[in-house]
Amino acid sequence: MASGVLVFAEQREGKFRKVAYELLNIGKQIADKLGGPLSAVVVGKGVKDLAGSLGKLGAQKVYVVDSDFLALYSTEGYASAVASAVKQADPAVVLTGNTAMGKDLTPRVSAKLGVGMATDCTALEVANGKLVATRPVYSGKCYIKVEFAGSPQIVSVRPNTYPVAQETGGSAEVVNVDAGISADAVKAKVKEVVKTGEGKIELTEAERIVSGGRGIKDKANFKILFDLADVIKAAVGASRAAVDSGYAVPDMQVGQTGKVVNPSLYMAFGISGAIQHLAGMRTSKVIVAVNKDPEAPIFQKADYGIVDDLFKVVPIMTEEFKKLLSE
Amino acid sequence: MKVLVCMKQTPDTEATIKITSDGKGIEEQNIKWIMSPYDEFAVEEAIRIKEKQGGETVVVTVGTDRVVESMRTALAMGMDRGVHCSDPAFQGSDALATAKILASVIKAEKPDLVLCGRQAIDFDQAQVPSYLAELLGWPQVYAVAKLELQQGKAVCNRRIEGGEEIVETSLPAVITCDKGLNEPRYASLPGIMKAKKKEIKKWALAQTGLGANEVGAQGAKVKVVQYLPLPERPPGKVFKEMDTAEMVKQVVKLLREEAKVI
């Protein structure tokens, strides 16, 4: 009988994504309520030692699918690998992160197992021995609660929803699993990974975000936001208007047609707050808005607002944060 | 090359969403319905492929009679013909059931390439394309911002955290379209006139070869138990008409002492 929780611990180049640690935390809480073990699955090449390290974070068993052809992500390779691990682990719940990889992988795994799934969930609870998942719909204008008719119950979780798991000092049993597919059978292959944001904090994982909109007026003016972001260790985002005007690159876009972010602090400079932008940042814990226009809709969503010229506000704010953080 | 596009009609991004009094759905009257914006990228790409190398373009959708209007928009943009999957038994289908219906059309149409939007902007699930690819046994590439077709294969750029993956896939394949792939055209007036005469084939349960219990609410593996409004955000503290430095100091202080995020 299916029991416990299996977490897909996403790694790229031998490093786990932060969301993997977040899933171990919420996974443990769900496993405690449902009964059964917390386990993890790691897919890649040469990832056995890395996999073992998850024992310290509460995983009792780690299923490892290790093969040369899994060095780079492929939907077919990874989906087959994860589905094999699910069959062996027989969990009641499978958790993945709603990352670029998770968005592609999770429904394909669900399809292989012939079950449904819930995407991009922002709250998970257990009721009557079953998982209930809450997720935003209609661009975050409302939420739905969903339940599952089959088993396992598969859920992808929005990054930054839960804190990361704390070290327990435990250790995990490592179990090797066959990928269930040969390298030749993979029809869509990653040929190359082009890095554009090396060393930058990834928006979807950032604890703090500083974002610029149309009000920033020029590409060069983003520098003041980067300076502010450096001081408070924030990632830098942009509204669609800023991207469409060429002030920022598409990778920086927050919103419906860009990235969905979920930081503790989101600071919007010169962003009016169109519904498409709100869809991408509405779940931020604290929102700060700075805009010249007192009627800008962003002020209705902001916890703190300043009605003033961002070019006057930002340099002063950078200095104030510097002072505060050096204390 | 024959390209098939799976399209969904969704509420306009600007639409106000009101939950029904029983909490089981949304109030659908007074909503302006549109083709999901990511599906426009798929329609545009299909038309460009045909313009470049010839072939045929087919648009497919699942839904009530209401969705035909959005299908006509795709035909007015330049798609050749449509298939409208409609049957009372389809009501309440989840992503897997929808994919089964679409897969039945794809098996009959035998396209070389299936294009979808990255996700529909109502439920934002991005599930149907993957279910579809698995049901067909085809490769998939998700969220493609650049697509190049070569002999029997496609080279796709897709955005990942901090960069891009270049993915090469054999055809046929399911490819989902992201912002940046192209700039969708507007339907021209002659296009709109022509679209009125283009064929839209009906596709009901009998044509799918599926059982009534495999689709619709009966076949759903995921059940929506409740719709919830957004939690009320308490009104924020907005400073204005004061000295800039003073306002900034206040906010920085609140971020540390009240919000505790710095």
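Residues numbered from 1 in each chain as written. Chains lettered and ligands numbered in written order. Predicted model: local features only at pLDDT ≥ 70, side-chain atom pairs only at ≥ 80, totals over all residues.

**Q** I'd like a rundown of the overall build of chain A, residues and numbers included.
**A** Of the regular secondary structure elements, chain A holds nine helices and 18 strands. Against the 2.2 N^0.38 benchmark of 20 Å for 327 residues, chain A shows a C-alpha radius of gyration of 21 Å, consistent with a compact globule. For chain A, the spread of C-alpha atoms along the three principal axes comes to 60 × 45 × 40 Å. Here chain A holds 327 residues, and 61% of them are scored as buried. The contacts in chain A between residues at least 6 apart in sequence include a share of 67% that link residues at least 24 apart. (Helix = DSSP H or I, 4+ residues; strand = E, 2+ residues; numbered from the N terminus. Rg over C-alpha atoms; globule rule 2.2 N^0.38 Å. Buried ≥ 20, exposed ≤ 12 C-beta atoms within 10 Å, placed from the backbone. Contact = placed C-beta atoms within 7 Å.)

**Q** So, the domain arrangement of chain A: which residues are in play, and what are the values?
**A** One frequent convention defines the size of an interface as the accessible area lost when the parts assemble. Residues and elements named next belong to chain A. Domain annotation of chain A identifies domain 1 (5-185) and domain 2 (203-326). Inter-centroid distance (C-alpha atoms) of domain 1 to domain 2 is 32 Å. Domain 1 puts nine residues into the contact, and the matching count from domain 2 is 11 residues. Of the residues contributing to the side of domain 1 that touches domain 2, the split by class is one nonpolar, six polar and two charged. (Domains from an automatic or database assignment. Nonpolar A, V, L, I, M, F, W, Y, C, P; charged D, E, K, R; others polar.)

**Q** Describe the nonpolar core, and please don't skip the residues or the numbers.
**A** Counting residues in each nonpolar core, the largest one holds 143 residues, and the members touching the most others are A:Leu24, A:Val41, A:Val82, A:Val155 and B:Val5. Filtering out sequence-adjacent residues up to four positions away, A:Leu24 remains in contact with A:Val7, A:Leu38, A:Ala40, A:Leu54, A:Leu57, A:Gly58, A:Ala59 and A:Ala165. Ranked by size, the runner-up nonpolar core spans 56 residues in total, among them A:Val260, A:Val261, A:Leu310 and B:Val252. (Core = buried A, V, L, I, M, F, W, Y, C linked by C-beta atoms within 7 Å.)

**Q** Outline the packing of helix α3 (residues 95-109) of chain B against helix α4 (residues 128-136) of chain B, listing residues and values.
**A** Residues and elements named next belong to chain B. With their axes 8 Å apart at the nearest point, α3 and α4 run at an angle of 50° to one another. Considered as vectors, α3 and α4 are oriented oblique to each other. In this structure, α3 meets α4 at a crossing whose hand is right-handed. Residues Ala 95, Leu 96, Thr 98, Ala 99, Lys 100, Leu 102, Ala 103 and Ile 106 of α3 form the contact with α4, whose own contacting residues are Val 128, Tyr 131, Leu 132, Leu 135 and Leu 136. (Axes fitted to C-alpha atoms, helices over the stretch in contact; angles between N-to-C directions. Parallel < 35°, antiparallel > 145°, perpendicular 65-115°, else oblique. Left-handed = near helix turned anticlockwise from the far one by under 90°.)

**Q** Outline the domain arrangement of chain B, supporting the account with residue identities and numerical values.
**A** What the domain assignment reports for chain B is domain 1 (2-219) and domain 2 (232-262). The distance between the C-alpha centroids of domain 1 of chain B and domain 2 of chain B comes to 45 Å.

**Q** Can you tell me about the sheet that holds strand β15 (residues 235-238) of chain A, naming the residues and giving the values?
**A** The sheet built from six strands is open, its strands ordered β15(A)-β14(A)-β16(A)-β17(A)-β18(A)-β13(B) with parallel pairing. Pairing within the sheet leaves two strands with one partner each, and these edge strands are β15 of chain A together with β13 (237-240) of chain B. The average undirected angle you get between the axes of adjacent strands in this sheet is 15°. The pairing of strand β18 (residues 304-307) of chain A with β13(B) spans four bridges and is classified as parallel. Note on β13(B): the bridge partner recorded for A:Gly305 is B:Val238. The strands touched by helix α5 (residues 222-232) of chain A are β14 (208-212), β15 and β16 (265-269) of chain A; relative to β14(A), the strand with the most contacts, the crossing angle is about 170°. Packing of helix α8 (residues 244-257) of chain B onto the sheet brings it into contact with β17 (286-291) and β18 of chain A together with β13 of chain B, and relative to β18(A) it is tilted by some 170°. (Pairing = 2+ DSSP bridges.)

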